[in-house]
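# Fold and geometry: a report
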2 protein chains.
Amino acid sequence: MSDQSAFKALADPTRREILRLLSGGSLTAGSIADHFSISKPSLSHHFNLLKQADLVRTERDGQNIVYTLNTSVLEDTARVVLDLFDYETAGKEQEKN
Amino acid sequence: MSDQSAFKALADPTRREILRLLSGGSLTAGSIADHFSISKPSLSHHFNLLKQADLVRTERDGQNIVYTLNTSVLEDTARVVLDLFDYETAGKEQEKN
DNA sequence: TAGGTATTTAGACAAATATCTAATTAAATA
DNA sequence: TATTTAATTAGATATTTGTCTAAATACCTA
């Protein structure tokens with residue numbers, strides 16, 4: 001899994017906001033960009049880090065690139081945090097997977 | 001709460017390992033340092049970031065400084081990640097708190 | 001195929017970060 | 001009180017990171 005890239009990705013507020021936007025459903029790069037005041041290349045850089053962490057997946061739709069949240073990696077990441085204090089959840093019986 | 005400092009703190013593998021060590025119980029700065037090959041001042045820097053994020057609390061015991069995990073902030077942080085995909089857990093009824 | 005729109009890549013740069021050694025502070029003890 | 005031990009602070013430095021503008025790529029449409 002290599003948590004490292006996911007934690008790095010989550011450490012930036014812009015990237016967390018991108019993920020939050022995507023939690024409402026898939027979006028194109030352009031429509032995500034509309035929510036921010038930074039340049040598109042800067043956003044693209046953030047997209048790259050999110051992809052690298054496998055927190056998002058992409059597919060092309062004509063001229064657009066559609067970004068989709070990869071919830072399983074988010075779940076794994078939350079699990080790592082929860083495990084730091086032995087939190088009980090539904091996924092517990094997996095034992096360390 | 002300001003999640004930012006907690007996410008930043010969690011983004012570093014050394015700091016996550018410190019937290020993992022503390023999840024087994026409180027430890028002195030020195031005994032934590034024994035688990036790492038980096039210098040004590042470097043560790044102290046990491047301790048500072050963890051304290052800033054309120055992920056750990058400290059108290060002096062003679063010559064030693066004892067570090068203790070603050071699980072409530074870890075819980076809050078995990079919650080932020082879980083909320084990115086509307087995960088259902090026991091704490092759910094709090095609704096956005 | 002020419003022109004326009006969407007997005008990424010390249011390259012530069014300032015700010016933030018992790019590390020180190022040296023020095024300092026605080027407490028215990030001979 | 002002088003010394004030792006535990007830990008932090010100060011200051012320097014190399015690396016990483018987030019941002020920008022300019023250029024390139026990919027696709028669509030007249």
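First things first, this report covers the structure right here in the doc. As the structure is a prediction and not an experimental result, all values here were calculated from the model.

## Re the overall build of chain A
Each helix and strand in chain A was counted, giving five helices and three strands. Along chain A, helices and strands appear, N-terminal first, in the series α-α-β-α-α-β-β-α. Burial status across chain A gives 40% buried among its 97 residues. By sequence separation, contacts in chain A at least 24 residues apart represent 49% of the contacts at least 6 residues apart. Counting every atom, chain A has about 5,400 Å² of accessible surface; 45% of that belongs to carbon and sulfur.

## Focus: the protein's contact with DNA strand D
Not every one of the 25 residues close to DNA strand D is listed here, only the nearest: Ser42 and His46 of chain A together with Gly30, Gln63 and Tyr67 of chain B. A distance of 2.8 Å separates a phosphate oxygen of DNA strand D from a polar side-chain atom of Ser42 of chain A. In this structure, Gln63 of chain A approaches DNA strand D through a side-chain N or O atom, which is 3.4 Å from a base oxygen.

## Some thoughts on the relation of the copies chain A and chain B
Screw-axis analysis of chain A against chain B gives a translation of 0.0 Å along the axis, an RMSD of 0.0 Å, and a rotation angle of 180°. Here the transformation between the copies is reduced to the relation of a two-fold axis. For chain A, the smallest separation between a C-alpha atom and the rotation axis is recorded for Ala78 of chain A, amounting to 2.6 Å. A share of 100% of interface residues in chain A that are also interface residues in chain B marks the association as one of identical surfaces.

## Thoughts on the interface of chain A and chain B
Taken together, the 23 residues of chain A in the interface contact 23 residues of chain B. Interface of chain A and chain B: buried area, both sides summed, is about 2,100 Å²; carbon and sulfur atoms make up 71% of it. Considering only the side of chain A, the residues that lose the most area to chain B are Arg16, Leu84 and Phe85 of chain A, jointly responsible for 28% of the buried surface there. Remark: the boundary between chain A and chain B carries zero salt bridges.

## Observations concerning the sheet that holds strand E2 (residues 56–61) of chain A
All names here are of chain A. Taken in spatial order, the three strands of this open sheet run E1-E3-E2, and their pairing is antiparallel. With one partner strand each, in any of the chains shown, strand E1 (27–28) and E2 form the two edges of the open sheet. In this sheet, strand E3 (residues 64–69) lies alongside E1 in antiparallel orientation, the contact comprising two bridges. When the sheet's bridge partners are listed, Leu27 is paired in E3 with Tyr67. Taken strand by strand, helix H2 (residues 13–22) contacts E1, E2 and E3, and its axis lies near 90° from that of E3. Strand contacts of helix H4 (residues 40–52): E2 and E3, with the helix running at about 120° to E2, the strand carrying the most contacts.

## Quick notes on the sheet that holds strand E3 (residues 64–69) of chain B
Residue and element names in this part refer to chain B. Spatial strand order, E1-E3-E2: three strands in an open sheet with antiparallel pairing. What marks the edges here is a single partner per strand, and that holds for strand E1 (27–28) and strand E2 (56–61). Where E2 and E3 come together, six bridges link them in antiparallel fashion. Looking at E3, one finds that Val56 is bridged to Leu69. Strands E2 and E3 of the sheet are contacted by helix H4 (residues 40–52), whose axis makes an angle of about 120° with E2.

## Structural notes on unusual backbone geometry
A negative phi angle characterises most non-glycine residues, just as the trans form characterises most peptide bonds. In this structure, Asp54 of chain A takes a positive phi of about 60° despite not being glycine. Tracing the backbone shows Asp54 of chain A in the loop between H4 and E2.

Scoring rules and cut-offs
Residues numbered from 1 in each chain as written. Chains lettered and ligands numbered in written order. Predicted model: local features only at pLDDT ≥ 70, side-chain atom pairs only at ≥ 80, totals over all residues. Heavy atoms only, no water. Helix = DSSP H or I, 4+ residues; strand = E, 2+ residues; numbered from the N terminus. Buried < 20%, exposed > 50% of the residue type's maximum accessible area, 1.4 Å probe, protein only. Contact = heavy atoms within 4.5 Å. Areas by Shrake-Rupley, 256 points an atom, 1.4 Å probe, with all protein chains shown as cover. Near = heavy atom within 4 Å. Polar contact = N/O pair within 3.5 Å; in protein donor to acceptor, adjacent residues only side chain to side chain. Least-squares fit on C-alpha atoms with pLDDT ≥ 70 in both. Buried area = accessible area lost by both parts, 1.4 Å probe. Salt bridge = Lys/Arg side-chain N within 4 Å of Asp/Glu carboxyl O. Pairing = 2+ DSSP bridges. Axes fitted to C-alpha atoms, helices over the stretch in contact; angles between N-to-C directions.

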